Amino acid sequence: MKTVKILSMLLALLMLSSAFVACDGAGKNAGEAPDLPERELYEVTVSFQIKDATGKTVLEATDYLYKGHETPTILNVLKTYLSVVADYVCKVDKTNSITQIGGMKANKNNGEYWGFVDGGINLSKDDILDDLSDGKMSETLLEDGDVFTVMLIAEEE
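Since the structure is predicted, the reported quantities are computational estimates derived from the model, not experimental observations.

(A) Examining the overall build of the protein more closely. In terms of regular secondary structure, the protein is built from two helices and eight strands. For the protein, the sequential pattern of α-helices and β-strands runs α-β-β-α-β-β-β-β-β-β. The buried share among the 157 residues of the protein stands at 32%. Here the contacts in the protein between residues at least 6 apart in sequence split such that 59% fall between residues at least 24 apart. Counting only carbon and sulfur atoms, one obtains 54% of the accessible surface of the protein, whose full area is about 10,300 Å².

(B) Up close: the pairing of strand S8 (residues 147-154). The buried fraction of S8 amounts to six of the eight residues, a majority that puts the element mostly inside the structure. Inspection of the sheet shows strand S1 (residues 42-51) paired to S8 by five bridges, in the parallel sense. Bridged to Ile50 within S8 is Val150.

(C) Representation of the packing of aromatic side chains. On inspection of all chains with the given rule, the structure shows three aromatic pairs. Relative to Tyr81, the ring of Phe48 has its centre 5.2 Å away and its plane inclined at 85°; by these criteria the two rings are edge-to-face. Of this pair, Phe48 sits in strand S1 while Tyr81 is found in helix H2 (residues 74-85), placing the two residues 33 residues apart along the sequence. Note on Phe48: relative accessible area 0%, which makes it buried. Exposure remark for Tyr81: the relative accessible area of 9% places this residue in the buried category. Ring centres 4.8 Å apart and planes at 80° place the aromatic pair Tyr64 and Tyr81 in the edge-to-face group. Note that Tyr64 is positioned in strand S2 (residues 57-68) and Tyr81 in helix H2, a separation of 17 residues in sequence. Taken together through their ring pairs, the aromatic side chains of Phe48, Tyr64, Tyr81 and Phe148 make up a single cluster.

(D) Highlighting the sheet that holds strand S5 (residues 104-105). Within the open sheet, the three strands sit side by side as S3-S4-S5. Their pairing is antiparallel. Edge positions in the sheet fall to strand S3 (90-92) and S5, since each has one partner strand and no second. Two strands pair when backbone bridges link them, and strand S4 (residues 98-101) and S5 are joined in this way by two bridges, in the antiparallel orientation. Each residue of the ladder has a partner; that of Gln100, found in S5, is Lys105.

(E) The arrangement of the pairing of S4 in detail. Pairing geometry for S3 and S4, over three bridges, is antiparallel. By the bridge assignment, Cys90 is partnered in S4 with Ile101. Linkage of S3 to S4, two consecutive antiparallel strands, is achieved through a turn of five residues, within which Asn96 is found at a positive phi near 65°. Remark: two residues form the turn of the hairpin made by S4 and S5, two consecutive strands paired antiparallel; Gly102 in that turn has positive phi of roughly 60°.

(F) Looking closely at the side chain of Asp146. Relative to the assigned elements, Asp146 resides in the loop between strand S7 (130-131) and S8. Only 2.8 Å separates the side chain of Asp146 from the backbone nitrogen of Glu143, close enough to count as a polar contact. When neighbours within four sequence positions are excluded, Asp146 is seen to be in contact with Thr45, Val46, Ser47 and Leu141.

(G) Focus on the side chain of Asn76. As for its placement among the helices and strands, Asn76 is situated in helix H2. Here Asn76 is in contact with Tyr66, Glu70 and Thr71, once residues within four sequence places are set aside.

So, how was this worked out
- Residues numbered from 1 in each chain as written.
- Predicted model: local features only at pLDDT ≥ 70, side-chain atom pairs only at ≥ 80, totals over all residues.
- Heavy atoms only, no water.
- Helix = DSSP H or I, 4+ residues; strand = E, 2+ residues; numbered from the N terminus.
- Buried < 20%, exposed > 50% of the residue type's maximum accessible area, 1.4 Å probe, protein only.
- Contact = heavy atoms within 4.5 Å.
- Areas by Shrake-Rupley, 256 points an atom, 1.4 Å probe, with all protein chains shown as cover.
- Pairing = 2+ DSSP bridges.
- Phe/Tyr/Trp six-rings, centres within 6.5 Å; stacked < 30°, edge-to-face > 60°.
- Polar contact = N/O pair within 3.5 Å; in protein donor to acceptor, adjacent residues only side chain to side chain.

Below, the structure written as structure tokens:
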């Protein structure tokens, strides 16, 4: 009888210890984050200028190395540079159009918008080819060596 009690106790301890092993998170420490898939890291070196509505250069970056997990679009590169390097505010609306860089705001009601030119530095508003208010800045991918200018455009009456 004593042997049956000892065997029953050993069996109970064995079952209890196996339950703890099964519930311990497959060998992970408590509170450890689950394994997540690695996100791609993008690296691209670009140069750009930001100009106010008068054409004055207010910010310039030469050979800026963007490193990030977001695709290297004009918008993502600008937002990263402005928030991390230049300590500027970069605001966008729900369509991913820039509405403000630093203290410069584009007022669509007054015909103002942010425009950009791919491949040029020291440009005037007459050289600006694309209106960024249609979301192109969030779609245009940058590659190493790309150069662009972003400028606040005020439509003339």
